[in-house]
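So you can see what is in the structure, the chains are spelled out below.
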Amino acid sequence: MQQTASSFGGQWNLLFASEFALSAAIALGVFGLIGFFCYRYRRRSPFEVPTRPLRRNVFMEGGWIVIPTILALAFFVWGAILYFRMSTPPRDAETIYIVGRQWMWKAQQPNGAWENDELHVPVGQPVRLLMTSEDVIHSFYVPAFRVKEDVLPGRYTQTWFNATTPGRYILECSEYCGVYHSQMRGRVIVMEPKAYAAWLGTAGSESSAAAIGQRLFHDYGCINCHNPDGHGPAPSLVGLYGTEVRLENGQTVTADESYIRQSILDPASQVVYGFRPIMPSFNGKISEEQILDLIAYIKSQKNPEQPPISKTPGTLPNRSDGSP
Amino acid sequence: MATIAQPVGQPIEQPGRFTHYLNSEYGIRSWLFTTDHKRIAWLYVITLTLAFGLGAIAAGLIRLALFTPQGDVVTAQGYDELFTMHGVIMVWLFLIPSIPATFGNFFLPIMLGARDLAFPRLNLLSWYIYVFGGAWVVAALVYGGVDTGWTFYTPYSTEYSHTNVVPTEMGIFIVGFSTILTALNFIVTTHRMRAPGLTWFRLPLFVWTIYATSLIMLLATPVLAIALLLLVIQRVWTVGIFDPSLGGDPLLFQHLFWFYSHPAVYIMILPAMGVVSEIIPSFTRRPVFGYKAVAISSFGLAIVGFLVWGHHMFTSGQSIYASMIFSVMSFLVAIFSAIKVFNWTFTFFRGSVWLQTPLLYALSFIGLFVMGGLTGLYLATLPLDVHLTDTYFVIAHFHYIMVGGTLSMYLGAMHYWWPKMTGRMYPELPAKLAALLLFAGFNLTFFPQYVLGALGMPRRYWSYDPVYQVWNVLSSAGATVLALGYILPFVYLLWSLKYGEKAGPNPWGSKGLEWQTSSPPPRFNFRATPVITQRPHTQ
C-alpha cells in the first residue's frame, strides 16, 4: 500500500488491509470450490445424468445470508467510526482557506499569505481546510493523507488532517473540472514547525488577511452601517463569530464562515432579529478570496468581555499539543 | 420440463420444407418492417455492434494516450472528448440495451411459450427510436464533441463547457424512450403471455432478471429524462436550477443523475446474471441451486439499487449522516450478490460439468463479477471511499462489473444461443481461445487500474505524475490482448453463419424451453403451444 503521512493513515491502512484479507479469502474460496467441482464432476459420457441432487438446506442458505450480513455490518461500523473522525476537525485545528479555480489551487495561510499550487503546513499540527471554488466543482485530494473533499462553488466545505512526516506530497484535483483538469496539481509541503515558522516569515504578505479584510470593510462601505459601536442601522459585527444569532424568521443560526459568506452574498435570506432588510447583495461584486479576507477581519474583531471561540488568525500555530 | 400436451397452434409449414423465421420471408423490407421479435433482436445486434465498435475505438485511443505521463497523442480537449464519447456510447448505446434488447427480445417470448411480445409493432418502434436517438448522439459526439464526461456534472456542463452538451443530451433523452417502451413491452408480456402452467416460480431465471430489469428501466429512466431536461433549461434559458451564482444547487444535479445512474448499473448486470443462471444448468445438468433465493435476490437488487445513489457522493459535501445511511444500504447490495454467487457455486456440486465455451464465459463472469463486487465493498466503506473515489480504483471497479460482467455475458449469451438463433454451430476451438483471451486480457487491462487508484491517480487525467507510469503501461499493454478477445469472435461467428455445422434443435442437451423448438425457431416460435409442468431445467 501507498505511504501515508497523516494521523489517520495507519488506521486507514489497517481497514483497507482487513477488507483485502476478507475479500481475498471469499474470492479464493469461491474460485477454489468452483474449480474443484468443475474437475471432480466433469462430464465423462454425453449420456451421463447426475444423481443425488443437493437437498435444499436451510442452514446453508441461511448461513450465506447471515454471515456476510454480520461481516458487512461490522465493516460498516468500523468505517463509519473512522469516517466520523476524518470528517470532524479537532477544536485546536488551525484553519487554512483554500480557493479552487480553473486550473489552480490557492491557499491562504493563517497570517494572510496566499500561495498558488502549494500548501505549506507544519508537522504535527491539525490543519482544517475551509474550501470554496470560484467556478466549477473541484476536489482537493492528497493521496498520502487519505484526504479528499469536493470544493464547490457557492458554499464552503471542509476537511482536515494532521501531517506526521515532513516531505513533499502530491496534491491533485480529483473532480473533472475542464480541459486542464489534469494540470490542476500541486504539492503539499510538510515542514518542521521551526522551518514552517521561518517560511511563514518570508512568505511575505504585506499585510495579514484580517488587515486586508479591514481595508475591504471600509472600501465596500460595510463600516457605514455595521458600526462597531452598535448604533448603526445594521448590527455590529464585533464579537460576532461563533455566536448564536437570532433571525427575523425566528430561526437561530451559528455565525460561522458559511453564515457570514451567505450574509454577504444573499443578505435578505438571513436578516437579524430587529433589523430591516436594507443590505444590498454583493453577489458578483466580490471575489471568494475577498470574502475570505472579510471573514478573517470579522473573526479578528473580538468582543472584549467575551473569550474568543476560535483562535485569532495572524498568530503562529500553537505547537504545545505535541506531535505524534 | 415442457411437455407438449396437445397441439394448439396450427403448423405453419408446408410438408417437406423446413421453414423458420429466417427463411419465411426475404428482402430488406422483410427486416426493416418486421414485427418478429427474433428479427428485431438481430437488428439490435447489428446496431449494438456498431456502437460498441465506436466506443471501443475511443477506449483504444485513451489507453494509447495514457501510455506516457505527458499529454500526447491527442490534445487535452481531444482527450476529454474521447472519454466522454467512450462513456456516453458504452453506457447508453451499448450496455443499457445490450442483453435485454437482443437476447431478452429473442428469448423472453420463447421462454414464456409465447408467439411474440405483447406489442410487436411497439417493439419495432423502440428499435427505430434507438437508431434515431443513437445517430443523434453519435453525430453530436463526432461533429463538435462534448467534454463534460458522461456524468455531465454541473456547473461545468451548464456554464463552462462550450461543446455540444445540449444536442448530446437531447439524443440521450430520445434513446430513453426506446428503453422505456421496451421495458413496458417486456413487463406486459411476462404478465399476460405465459404458456399454460407457467407460474411465476416456474419462470426461467433469465425471465426473472429481465422482468426486474424492466421495472428499473421503467422507474429510473424518467428521472434521467427530468435531470437532462432541467440541465437543458438551465443551459439554454439560464434558469438558476443548478448554477449557484443564480441561486441553484449543483449537488441537486448529482442527486438526480445518480438516482438514475446507480439503478442503471443493475439494468446492466441483472440480465447478465440471468444468462449465467441459464448457462450453468444447461452445462451441469442441474437446476440452479436455491432457485427461489436467486429469483428473489434479483428483486432485492432492483429495489436496493434505488436506495444507494448517495454512495457516489461521499466526498461531494453531502451530510456525513446521509453518507452513513447510503453506506449501510450499499453493503446490502453485497448480500444479494453473494446469495447469487454462492448458489451458482453449489449448482456445480455433483453435477455433470461440460466445459464448453458458454460455460467458460459463465465462469469468467463469476470470476470477474466477484472481483468487481468485492471491491465494491471497499467503496461502500466510507473512509476507504474518501481515498478511492474519483480515482482509477473506481474505474477498475465498474469496468469489472460492466465489461467483466455484462460484456462477458453478452458474448457468453451470444455463444450459448448462437445455435438457436442461426441454426449453426460456432467453431469450438477458436471460441475457447477467445474466451480465455478475453478473461486474461481483461485482467491485464483493469487489474493495474486498481493499483493506480490505490496509489492515488485521479480519473479523467490527460497527463499524470510519472510515478503512475508503470501501471499505465501495463494496462495499455493488456488492452491489446483484450482487443484480440473481441475481434476473434467477430470473425469466426460471421464465418460460422455460412460454414458452421448444422446445430440441430438442442446441441447442449439442455432442458430449457427454448431448446425444445427447432433451430432456428419457426416464425411463431412453437409449432404447438407448450404446457409447463415443472421448474426450469428439472432433469
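How each quantity is defined
Residues numbered from 1 in each chain as written. Chains lettered and ligands numbered in written order. Predicted model: local features only at pLDDT ≥ 70, side-chain atom pairs only at ≥ 80, totals over all residues. Heavy atoms only, no water. 1 Å grid on protein atoms, 1.4 Å probe; cavity = no way out; pocket = protein on both sides within 12 Å on 5 of 7 lines; lining within 4 Å. Points joined across faces, edges and corners; volume = space filled by probe spheres on them. Helix = DSSP H or I, 4+ residues; strand = E, 2+ residues; numbered from the N terminus. Nonpolar A, V, L, I, M, F, W, Y, C, P; charged D, E, K, R; others polar. Buried < 20%, exposed > 50% of the residue type's maximum accessible area, 1.4 Å probe, protein only. Pairing = 2+ DSSP bridges. Patch = residues over 30% accessible without salt bridge, like charges linked within 9 Å, V, L, I, M, F, W, Y side chains within 5 Å. Areas by Shrake-Rupley, 256 points an atom, 1.4 Å probe, with all protein chains shown as cover. Salt bridge = Lys/Arg side-chain N within 4 Å of Asp/Glu carboxyl O. Lys, Arg positive; Asp, Glu negative; His and termini not counted. Charge placed at Lys NZ, Arg CZ, Asp CG, Glu CD. Contact = heavy atoms within 4.5 Å. Buried area = accessible area lost by both parts, 1.4 Å probe. Polar contact = N/O pair within 3.5 Å; in protein donor to acceptor, adjacent residues only side chain to side chain. Phe/Tyr/Trp six-rings, centres within 6.5 Å; stacked < 30°, edge-to-face > 60°. Lys NZ or Arg CZ within 6 Å of the ring centre and 35° of its normal. Axes fitted to C-alpha atoms, helices over the stretch in contact; angles between N-to-C directions. Disulfide = S-S within 2.5 Å. Core = buried A, V, L, I, M, F, W, Y, C linked by side-chain atoms within 4.5 Å. Domains from an automatic or database assignment.

What follows covers empty space enclosed by the protein. All names here are of chain B. The full count for this structure, using the stated rule, is eight cavities of 30 Å³ or more. Lining the second largest cavity are Tyr-44, Trp-92, Pro-97, Pro-100, Ala-101, Tyr-130, Val-175, Ser-178, Thr-179, Thr-182 and Met-217. Within the residue set of the lining of the second largest cavity, elements represented by two or more residues are helix H4 (98-112) and helix H7 (165-192). Element by element, the count of residues in the lining of the second largest cavity is highest for H7, at four residues. Residues of the lining of the second largest cavity, tallied by class, amount to eight nonpolar, three polar and no charged.

Turning to the pairing of strand S5 (residues 127-133) of chain A, a few remarks are in order. Residues and elements named next belong to chain A. Taken across its seven residues, S5 has seven buried, putting it largely inside the fold. A two-sided burial pattern is seen for S5, the buried positions comprising Val-127, Leu-129, Met-131 and Ser-133 on one face and Arg-128, Leu-130 and Thr-132 on the other. In the sheet, strand S1 (residues 94-101) pairs with S5 via seven bridges, with the strands oriented parallel. Bridging across to S5, Thr-95 finds its partner in Arg-128. Both S5 and strand S8 (residues 157-161) contribute to a ladder of five bridges, which runs antiparallel. By the bridge assignment for S8, Leu-129 is matched with Thr-159.

Our next topic: the pairing of strand S10 (residues 185-191) of chain A. Residues and elements named next belong to chain A. By the criterion of burial, S10 is predominantly enclosed, with five of the seven residues buried. Here strand S4 (residues 118-122) runs beside S10; their pairing, made up of five bridges, is parallel. Of the residues in S10, the one forming a bridge with Glu-118 is Arg-187. Relative to S10, strand S9 (residues 167-173) runs antiparallel, the two sharing six bridges. Bridge assignment links Tyr-169 to a residue of S10, and that residue is Val-188.

Attention shifts here to a positive patch on the surface. Residues and elements named next belong to chain A. On the surface, a cluster of positive charge is made up of Arg-40, Arg-42, Arg-44 and Arg-52. You can see Arg-40 is positioned in helix H1 (residues 9-40). Classification of Arg-40 by relative accessible area gives partly exposed; the value is 42%.

Further remarks concern the interface of chain A and chain B. At the interface, 80 residues of chain A touch 83 residues of chain B. Carbon and sulfur atoms make up 66% of the surface buried where chain A meets chain B, a total of about 7,200 Å² over both sides. Together, Arg-43, Tyr-83 and Tyr-176 of chain A form the three largest contributors to the area buried by chain A at its contact with chain B, with a combined 12%. Scanning the region where chain A abuts chain B turns up two salt bridges. Note that Asp-465 of chain B is salt-bridged to Arg-187 of chain A, the shortest N-O span being 3.5 Å. Taken together, the links from chain A to chain B amount to 30 residue pairs in polar contact (both at pLDDT 80 or more). The set of elements that each furnish at least two residues to the side of chain A that touches chain B consists of H1, helix H2 (58-87), strand S7 (147-151), S9 and S10 of chain A. Among the elements that line the side of chain A that touches chain B, the one with the most residues is H2 of chain A, at 17 residues.

This next bit is on unusual backbone geometry. Among all residues except glycine, the phi angle is most often negative; among peptide bonds, the trans geometry is most common. Residue and element names in this part refer to chain B. Put simply, Thr-154 and Pro-155 share a cis peptide bond, and its omega is -5°. For Pro-155, the position within the fold is in the loop between helix H5 (120-142) and helix H6 (156-160). The linkage connecting Ser-519 with the following residue, Pro-520, adopts the cis geometry, with an omega of -10°. Relative to the elements of secondary structure, Pro-520 occurs in the loop between helix H16 (469-499) and strand S2 (531-532). Even without being glycine, Phe-152 reaches a positive phi, approximately 55°. As for its position among the elements, Phe-152 is in the loop between H5 and H6. Phi angles above zero are rare outside glycine, and Asn-525 is one such case at about 75°. Relative to the helices and strands, Asn-525 resides in the loop between H16 and S2.

The next thing to look at is the pattern of salt bridges. According to the stated counting rule, one finds 12 salt bridges over all chains in the structure shown. Across the pair Glu-134 of chain A and Arg-101 of chain A runs a salt bridge whose closest N-O atoms are separated by 3.3 Å. Pair noted here: Glu-134 of chain A is in the loop between S5 and strand S6 (138-142) and Arg-101 of chain A is in strand S1, with a separation of 33 residues, a long-range link. Among the residues examined, Arg-101 of chain A registers a relative accessible area of 24% and is labelled partly exposed. The shortest N-O distance in the salt bridge between Arg-459 of chain B and Asp-390 of chain B comes to 3.9 Å. Taken together, the residues span a long stretch of sequence, with Arg-459 of chain B in the loop between helix H15 (428-455) and H16 and Asp-390 of chain B in the loop between helix H13 (382-388) and helix H14 (392-422) at a distance of 69 residues. Neither residue differs from the other here; Arg-459 of chain B and Asp-390 of chain B are each classed as buried. One network of salt bridges, in which partners are shared, links Arg-101, Lys-106, Glu-134 and Glu-289 of chain A.

Residue and element names in this part refer to chain A. The final tally for this structure, using the stated rule, is 69 aromatic pairs over all chains. Taking 6.0 Å as the distance between ring centres and 50° as the angle between the ring planes, the aromatic pair formed by Phe-36 and Phe-37 counts as tilted. Taking the relative accessible area as the measure of exposure, Phe-37 reaches 4% and is therefore buried. For Arg-42, the ring lying beneath its charged end belongs to Tyr-39, and the centroid distance is 4.4 Å. The ring of Tyr-156 carries Arg-261 above its face, with NZ or CZ at 5.6 Å from the centroid.

Turning our attention to the sheet that holds S10 of chain A. Residue and element names in this part refer to chain A. An order of S4-S10-S9-S6-S7 is seen for the five strands of this open sheet, with the pairing classed as mixed. On the outer flanks of this sheet lie S4 and S7, each paired with one strand and no other. Averaged over all pairs of adjacent strands, the angle between strand axes in this sheet comes to 20°, irrespective of strand direction. Across the face of the sheet, helix H3 (residues 193-202) comes into contact with S4 and S10 while running at roughly 130° to S4.

Another point: the state of the cysteines. All names here are of chain A. Scanning the model with the defined rule gives zero disulfides over all chains in all. Among the cysteines around Cys-173, which has no disulfide bond, Cys-177 carries the closest sulfur, lying 3.9 Å off. Among the residues examined, Cys-173 registers a relative accessible area of 0% and is labelled buried. The thiol sulfur of Cys-225 is not disulfide-bonded, and the nearest other cysteine sulfur, from Cys-222, lies at 9.0 Å. On the basis of relative accessibility, which here comes to 28%, the residue Cys-225 falls in the partly exposed class.

What follows is about the nonpolar core. Judged by nonpolar contacts, the single largest core of 234 residues is most densely connected at Leu-119, Phe-140 and Phe-145 of chain A together with Trp-92, Phe-103, Phe-365 and Trp-417 of chain B. Setting aside chain neighbours within four positions, we find Trp-417 of chain B in contact with Phe-103, Phe-107, Met-111, Phe-206, Val-275, Glu-278, Glu-514 and Trp-515 of chain B. Core analysis: the next-biggest nonpolar cluster, separate from the first, contains 28 residues, Leu-130, Leu-216, Leu-240 and Ala-255 of chain A among them.

The next point concerns the domain arrangement of chain A. Residues and elements named next belong to chain A. Per the domain assignment, the segments of chain A are domain 1 (11-35 + 60-88), domain 2 (94-202) and domain 3 (209-300). In this structure, domain 2 and domain 3 have C-alpha centres spaced 26 Å apart. Counting residues at the interface gives 16 residues for domain 2, matched by 12 residues for domain 3. Buried area between domain 2 and domain 3, summed over both chains or domains, comes out near 1,200 Å², and the portion from carbon and sulfur atoms is 51%. Applying the counting rule to domain 2 against domain 3 returns three salt bridges. Remark: the boundary between domain 2 and domain 3 carries six residue pairs in polar contact (both at pLDDT 80 or more). Within the residue set of the side of domain 2 that touches domain 3, elements represented by two or more residues are S1, strand S2 (104-108) and S5. Considering each element in turn, the side of domain 2 that touches domain 3 owes the most residues, four residues, to S5. Across the side of domain 2 that touches domain 3, the residue classes break down as five nonpolar, six polar and five charged.

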